[in-house]
Amino acid sequence: MITLVFGDFIETSSAFMKIMKMVVEKIETKFDQEKVIEEFEDLTKDGGRIQEETLKKILEQNGGTEYLEQWGLNGRTDPQTFKNCVPIVTHNDLEPYIQRIADGDLSPILTGKPVETISLSSGTTQGKPKFVPFNDELMESTMQIFKTSFAFRNREFPIGNGKALQFIYSSKQFKTKGGLSAGTATTNVYRNAQFKKTMKAMCTPCCSPDEVIFGPDFHQSLYCHLLCGLIFRDEVQVVSSTFAHSIVHAFRTFEQVWEALVVDIREGVLSSRVTVPSIRLAMSKLLKPDPELADTIYKKCSRLSNWYGLIPELFPNTRYIYGIMTGSMEPYLKKLRHYAGELSLLSADYGSSEGWVGVNVNPKLPPELVTYAVLPNIGYFEFIPIGGNLNGMEQANSPVGLTEVKLGEEYEIVFTNFAGLYRYRLGDVVKIKGFHNGTPELQFVCRSNLLLSINIDKNTEKDLQLAVEAAAKSLVDEKLEVVDFTSHVNVSADPGHYVIFWELSGEATDEMLQDCCNCLDRSFIDAGYVSSRKVNAIGALELRIVKRGTFHKILDHFVGLGGAVSQFKTPRCVGPKNSSLLQILSSNVAETYVSSAFC
């Protein structure tokens, strides 16, 4: 009898514990929007003090590391000593230390606690990815950014319980020589349990099962992302990806495969184009014959004019489209707006493989005007004044602190994080557009190292974009568009000159493309470029038209190197070291035009 009572007690106790666990989990996962905003407001009211506390915390955690000990801090954690002792560095300076960590050196090299994960940068600019330490603190700051951004976004564009059609893809993770897990920054986030928990709390779980996100073939994953979106079309409230390019790429693909998707839905059988067993099994649990849904999608697609407003037609309850839309993503905004119809485009937050910088707290601003409020507790920030001089600026100007920046001025970001990067030049140029309480609001301007330069000319990524936009205007009347573009400085010729590669959506006449070439040349208005062109110190610009699908080959090449599609950025300037990309471009040139603008 006693045993029976005791057993009953155990059983009851076990049930009670399960209930309590469910209650606690529910409390933990409930997203309190106003509390998150209140915490952000408190953080930003005294940015200077928070910055000092953040630096102190970083140095207390990591002051005993090999890297910091060599600079003679001697336990001091104040900003002035830190700036006086520790030099400003680039990734090249830290690369030997990071490589030792990746190779298995367990001594405290850059961080007090052992690094267990390595992030890979996109590698699309330099031709190879960089290794960057990733740790729990970076994951925590990622979740803080996501929550803060969502809180402000949801205040303006509230959503209920629904799903997100997220075009996200994991790259292959591998082990470094020292046994550390290595993958793209996005992969490290997607594979972390906190990510899924946070997305669920924010009522935006992904439509697609994990098997699709982590599938080994991104073409098959993309097809299934689209299929999952259609299956859950009435529940989709957000369409998103890391970068705008991935969203545009997804719906360009939809134009090609939509009829096959309709057949899958009608018959309830997944297309034979999907061959990965794990993906097929996961999709079989979602896909059931649904002739009514198939008819609906078929009718909607058949009635669209040139695919305008495709996204709201397919997903009628979508509130907005979300992703990084600044910098090298701006050229895709026109096509994205075409697909979006009247839906709002909301630019995601500001970060990099090395860490986060700021959060979009003004989601109603269009992507071209978006600003990012710096979170003062996720790292220690410094800013090198540009003063109109992109080169040699570290010699000309001393960095200022977060609260010392001036409205309207441009700076290069230098930051120190919890993962072993100290006074690290991020390579981004930003403009101070305002202040949120005591923290600046930044607008991304350009990458400081992406310069088209031969002589005394200095043209940035933004200058290139504006030139392409100006030259492409003449294509509009013929219903043509520039699908994608990049550039190269040809210094093997004498004199050196700019080469612009275009992929077009259709055929254009030689006369039209010659006019585009001349317009490109004239649209680089940098004084150094114009004066050099006039005296032939810089040669005539070349416009090279590449075959359809060339930039898709570049994407495939990037993925083949272990990159993630959701992290891909078309390199706007292909340097001489990036020989593999130059080879892809050169071998796919269909037509070449030489400018006569300065003849």
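This one's a predicted model, so the numbers in the text were calculated from it and none came from an experiment. Here, residues in each chain are numbered from 1, in the same order as that chain's written sequence. Only residues with pLDDT of at least 70 get local features here, since the model is predicted, and only at 80 or more are side-chain atom pairs given and counted; chain-wide, interface and lining totals rely on the full set of residues. Values reported for side chains reflect all heavy atoms of the structure, with hydrogen atoms and water molecules removed beforehand.

## Topic: the pairing of strand β8 (residues 344-347)
Across a regular strand the side chains alternate sides, sitting on one face of the sheet and then on the other. Put simply, the test is: Strands are treated as partners if at least two bridges between them are detected by DSSP. Counting from the N terminus, the helices are the DSSP runs of H or I reaching at least four residues and the strands are the DSSP runs of E reaching at least two.
Two elements, strand β7 (residues 320-324) and β8, share four bridges in a ladder whose sense is parallel. Bridged to G323 within β8 is S347.

## Things to note about a negative patch on the surface
The line we're drawing: Residues forming no salt bridge and having over 30% relative accessible area are the ones grouped into patches, like charges within 9 Å of each other and nonpolar side chains (Val, Leu, Ile, Met, Phe, Trp, Tyr) within 5 Å. The Shrake-Rupley method, run with a 1.4 Å probe, gives the accessible areas here. Residue values count only the displayed protein chains as cover. Just to be clear on terms, a salt bridge is a Lys or Arg side-chain nitrogen sitting within 4 Å of an Asp or Glu carboxyl oxygen. The charge count treats Lys and Arg as positive and Asp and Glu as negative. His and the chain ends do not count. By convention, charge coordinates are those of NZ in Lys, CZ in Arg, CG in Asp, or CD in Glu. When accessible area is computed with a 1.4 Å probe and restricted to protein chains, residues below 20% of their type maximum are described as buried, those above 50% as exposed, and intermediate ones as partly exposed.
Taken together, the side chains of D32, E34, E38 and E39 make up a negatively charged region of the molecular surface. Note on placement: E38 falls in helix α2 (residues 33-45). Residue classification places E38 among the exposed residues on the basis of a relative accessible area of 52%.

## Some points on the packing of helix α21 (residues 550-560) against helix α22 (residues 579-586)
So the rule is basically this: Angular values range over 0 to 180 degrees, each being the angle between N-to-C directions of two axes fitted as lines to C-alpha atoms, with helices fitted over their stretch in contact. Each angle gets one of four labels, with under 35 degrees taken as roughly parallel, over 145 as roughly antiparallel, 65 to 115 as roughly perpendicular, and the rest as oblique. The handedness criterion is simple: a crossing whose near helix is rotated anticlockwise from the far helix by less than a right angle is left-handed, and one whose near helix is rotated clockwise is right-handed. Contacts were defined at the residue level, with two residues in contact if any of their heavy atoms lie within 4.5 Å. For this classification, Asp, Glu, Lys and Arg are treated as charged, while Ala, Val, Leu, Ile, Met, Phe, Trp, Tyr, Cys and Pro are nonpolar and the rest, including Gly, are polar.
Relative to each other, α21 and α22 sit at 155°, their axes nearing to 9 Å. Considered as vectors, α21 and α22 are oriented roughly antiparallel to each other. As α21 packs across α22, the resulting crossing turns out to be right-handed. Of the residues in α22, those in contact with T550, F551, K553, I554 and H557 of α21 are S580, L581, I584 and L585. The residue inventory of the contact of α21 with α22, partitioned by class, reads five nonpolar, three polar and one charged.

## A look at the packing of aromatic side chains
Rule in force here: Pairing of aromatic rings covers Phe, Tyr and Trp, the last through its six-membered ring, and needs centres within 6.5 Å; plane angles under 30 degrees mean stacked, over 60 mean edge-to-face, and all others mean tilted. In this analysis the charged atom, NZ for Lys or CZ for Arg, is taken to sit over a ring once it is within 6 Å of the ring centre and within 35 degrees of the ring normal.
Going through the model one piece at a time under the given rule, you end up with 22 aromatic pairs. Their ring planes at 15° and their centres at 5.7 Å tell us that Y67 and Y422 sit as a pair that is stacked. Linking Y67 in helix α4 (residues 66-69) with Y422 in the loop between β14 (410-416) and β15 (424-436), this pair joins segments that are 355 residues apart in sequence. Note on accessibility: Y67 and Y422 belong to one class, buried. Through successive ring pairs, a cluster of aromatic residues spans Y67, W71, Y97 and Y422. The side chain of R153 reaches across the aromatic face of Y322, ending 3.9 Å from its centre.

## Structural notes on the sheet that holds β7
Strand order in this open sheet of four strands is β3-β6-β7-β8, and the pairing throughout is parallel. Each edge of the open sheet is held by one strand with a lone partner, namely β3 (163-166) and β8. Neighbour-to-neighbour, the strand axes of this sheet turn through a mean angle of 25°, independent of strand direction. This element, helix α12 (residues 244-267), spans β6 (236-243) and β7 of the sheet and lies at about 120° to β6. Sitting on the sheet, helix α16 (residues 333-340) is in contact with β7 and β8, with an inclination near 135° to β8.

## Some points on α16
As a reminder, the rule being used: The arc in question is traced by the directions running from the helix axis to the C-beta atoms.
Residues of α16 that are buried include every one of L333, K335, L336, Y339 and A340, and no others. Relative to the axis of α16, the buried residues are bounded by an arc of 160° and lie together on one face. Considering only its buried residues, α16 is in contact with α12, α15 (310-314), β7 and β8.

## Describing unusual backbone geometry
Across the junction of D494 and P495, the peptide omega takes the value 0°, indicating a cis bond. Positive phi values are uncommon outside glycine, yet N536 reaches one of about 65°. With respect to the helices and strands, N536 occurs in the loop between α20 (527-534) and β19 (542-546). In this structure N536 comes out as partly exposed when scored by relative accessible area, which is 45%.

## Focus: the side chain of Q465
Along the chain, the position of Q465 falls in helix α18 (residues 461-472). Residue Q465 is classed as buried on the basis of its relative accessible area of 4%. Sequence-distant contacts of Q465, that is, excluding residues within four places in its chain, are made with G327, E330, P331 and F485.

## Section: the environment of S580
As a reminder of what qualifies: As used in this structure description, the phrase polar contact means that two N or O atoms lie within 3.5 Å; if the pair is within protein, one of them must be able to donate a hydrogen and the other to accept it, and residues adjacent in sequence are counted only when both atoms belong to side chains.
Checked against the element boundaries, S580 lands in helix α22. Overall, S580 belongs to the partly exposed group, its relative accessible area being 28%. Along the chain, S580 and I554 lie 26 residues apart, while their C-alpha atoms are 9.2 Å from each other. Side chain to side chain, S580 and H557 meet in a polar contact 3.2 Å long.

## Here we look at the environment of I265
Within the secondary structure, I265 is located in helix α12. The class for I265 is buried, based on a relative accessible area of 1%. Note: C-alpha distance between I265 and I231 (34 residues apart in sequence) is 7.7 Å.

## What to know about the sheet that holds strand β17 (residues 482-490)
Reading across from one edge, β17-β18-β19-β20 is the order of the four strands in this open sheet, with mixed pairing throughout. Edge positions in the sheet fall to β17 and β20 (589-594), since each of these pairs with one other strand and no more. Going across the sheet, the axis of each strand differs from the next one's by a mean of 20°, ignoring polarity. Bridge count between β19 and β20: five bridges; the pairing is antiparallel. Note on β20: the bridge partner recorded for I545 is E591.

## Focus: the packing of α12 against α16
Taken N-terminus to C-terminus, the directions of α12 and α16 make an angle of 55°; their axes are 10 Å apart at the nearest point. In terms of axis orientation, α12 runs oblique to α16. In this structure, α12 crosses over α16, and the sense of that crossing is left-handed. Contacts between α12 and α16 pair A244, I247, V248, F251, R252 and E255 from the former with K335, L336 and Y339 from the latter. In terms of residue class, the contact of α12 with α16 is built from six nonpolar, no polar and three charged.

## With respect to the environment of V370
In this structure, V370 sits in the loop between β10 (355-359) and β11 (372-374). It is 6.9 Å that separates the C-alpha atoms of V370 and S347, two residues lying 23 residues apart in sequence. Those residues in contact with V370 that sit more than four places away from it in its chain are T326, S347, N360, L365, L442 and Q443.

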